[in-house]
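As a plain string of letters, each chain reads:
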Amino acid sequence: MGQPAQQRRRYDSRLRRERAAQTRERIVAAGVQLAHESPAWDWRTLTIRAVAERAEVSERTVYRHFPGERELHDAMMQRLEEEAGVTLEGLKLEDLAGATARVFAHVSSFPLVPRIPQDPTLTATDQRRRAALSNAVAGPAATWPELDRRMAAAILDVLWGVMSYDRLVAAWELTPQQATVALTWAMGLIEAAIREGRGPGGGHEDQMITP
């Protein structure tokens, strides 16, 4: 009599684990689905409540699997990295370009919300800067396809941007002087590449990168 009861307990335990795993997967999938509908990496709206509603479970059920939003977001990020085919652990320098391309291909599936200054003065300054960079590149890269020139000017614009400086100081804990050295070093490498005719698409029509 005891053996069948023991078997039933083992079966029930296995069934509960399977159902729990299915519920957890449903929650993570719902969170990832919401993430794909949100502007890239803006997760302020990806709350426990929002994910619970999308997964059609109670908030209490979400909390059974994830103690808080941080743990839920960590699980979502792991899934997103798997979707992108990127493994950060053990990343090698020679793998960086390919990993970056895969990340950006994945990010392109998210809604894009351009962060353009809304203040008229800042907007006008942004336009003037982009025009100045385009003109600066146009001379040395006069024989390049227009798209190559635009990409070269655009990456210089990113390096010049305050957000790039802020990230070096805040995330990488560089001093303002060190951040400036790093950014101007990168800009110098791009300047040298432009003068040597090494553009994003090779600087030739037959190597032009299409959008």
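It should be noted that the structure appears before, not after, this text.
Conventions adopted
Within each chain, residues carry numbers counting from 1 in the order of the written sequence. Selection of residues for local features in this predicted model requires a pLDDT of at least 70, selection of side-chain atom pairs for listing and counting requires 80 or more, and totals for whole chains, interfaces and linings are taken over all residues. To get the side-chain values, all heavy atoms of the structure are used, and hydrogens and water are removed first. Working definition: helices are DSSP H or I runs of at least four residues, strands are E runs of at least two. Numbering for both runs from the N terminus. Per-residue accessibility, obtained with a 1.4 Å probe over protein chains only, is compared with the maximum for each type, and a residue is labelled buried under 20%, exposed over 50%, and partly exposed between these values. A cavity here means a set of 1 Å grid points, computed over protein atoms only, where a 1.4 Å probe fits but cannot escape. A pocket is an open set with protein on both sides within 12 Å along at least 5 of 7 lines, and lining residues have an atom within 4 Å of a point. Grid points are joined across faces, edges and corners, and a volume is the space filled by probe spheres set on the points. Asp, Glu, Lys and Arg are counted as charged, while Ala, Val, Leu, Ile, Met, Phe, Trp, Tyr, Cys and Pro are counted as nonpolar; the rest, among them Gly, fall into the polar class. Salt bridge, as used here, is a side-chain nitrogen of Lys or Arg placed within 4 Å of a carboxyl oxygen of Asp or Glu. The contact definition used throughout considers only heavy atoms, calling two residues in contact when any of these lie within 4.5 Å. To form a nonpolar core, buried Ala, Val, Leu, Ile, Met, Phe, Trp, Tyr and Cys residues must be joined to one another through side-chain atoms within 4.5 Å.

**A word on the overall build of the protein**
Looking only at helices and strands, the protein has nine helices and zero strands in total. Reading the helices (α) and strands (β) of the protein from amino to carboxyl end gives α-α-α-α-α-α-α-α-α. Classification of the 211 residues of the protein by burial places 26% in the buried group.

**Description of the layout of surface pockets**
There is about 190 Å³ of room inside the second largest pocket. Lining the second largest pocket, in full, are Leu133, Ala136, Val137, Pro140, Leu156, Met187, Gly188, Glu191, Ile194 and Arg195. For the lining of the second largest pocket, the leading source of residues is helix 9 (residues 176-195), giving five residues. A per-class count over the lining of the second largest pocket returns seven nonpolar, one polar and two charged.

**A closer look at unusual backbone geometry**
The phi dihedral of Glu56 falls on the positive side, at around 60°, and the residue is not glycine. Taking relative accessible area as the criterion, Glu56 reaches 64% and is therefore assigned exposed. Its identity is not glycine, yet Glu173 carries a phi of approximately 55°, on the positive side. Position of Glu173 relative to the elements: it lies in the loop between helix 8 (162-170) and helix 9.

**Re the pattern of salt bridges**
Enumeration over the complete set of coordinates arrives at twelve salt bridges. Glu56 serves as the salt-bridge partner of Arg26, at 3.5 Å between the closest nitrogen and oxygen. Of this pair, Arg26 sits in helix 1 (residues 2-37) while Glu56 is found in the loop between helix 2 (48-55) and helix 3 (59-65), placing the two residues 30 residues apart along the sequence. Across the salt bridge formed by Arg195 and Glu191, the nearest N and O atoms sit 3.2 Å from each other. Remark: Glu191 and Arg195 occur in helix 9; sequence separation between them is four residues, near one turn of the helix. Taking the relative accessible area as the measure of exposure, Glu191 reaches 41% and is therefore partly exposed.

**Structural notes on the side chain of Thr61**
Relative to the elements of secondary structure, Thr61 occurs in helix 3. Setting aside chain neighbours within four positions, we find Thr61 in contact with Thr23 and Ile27.

**Things to note about the nonpolar core**
Counting 20 residues, the largest nonpolar core has Ile27, Ala35, Val62, Phe66, Leu72 and Met76 as the members making the most contacts within it. At the level of secondary structure, the elements contributing two or more residues to this core comprise helix 1, helix 2 and helix 4 (69-84). Among the elements that take part in this core, helix 1 stands out by supplying six residues, more than any other. Sequence-distant contacts of Ile27, that is, excluding residues within four places in its chain, are made with Val51, Ala55, Val57, Thr61, Val62, His65, Phe66 and Leu72. Counting 14 residues, the second-largest nonpolar core is a separate cluster that includes Leu133, Leu156, Ala179 and Ala186.

Just geometry here; none of it tells us what the structure is for.
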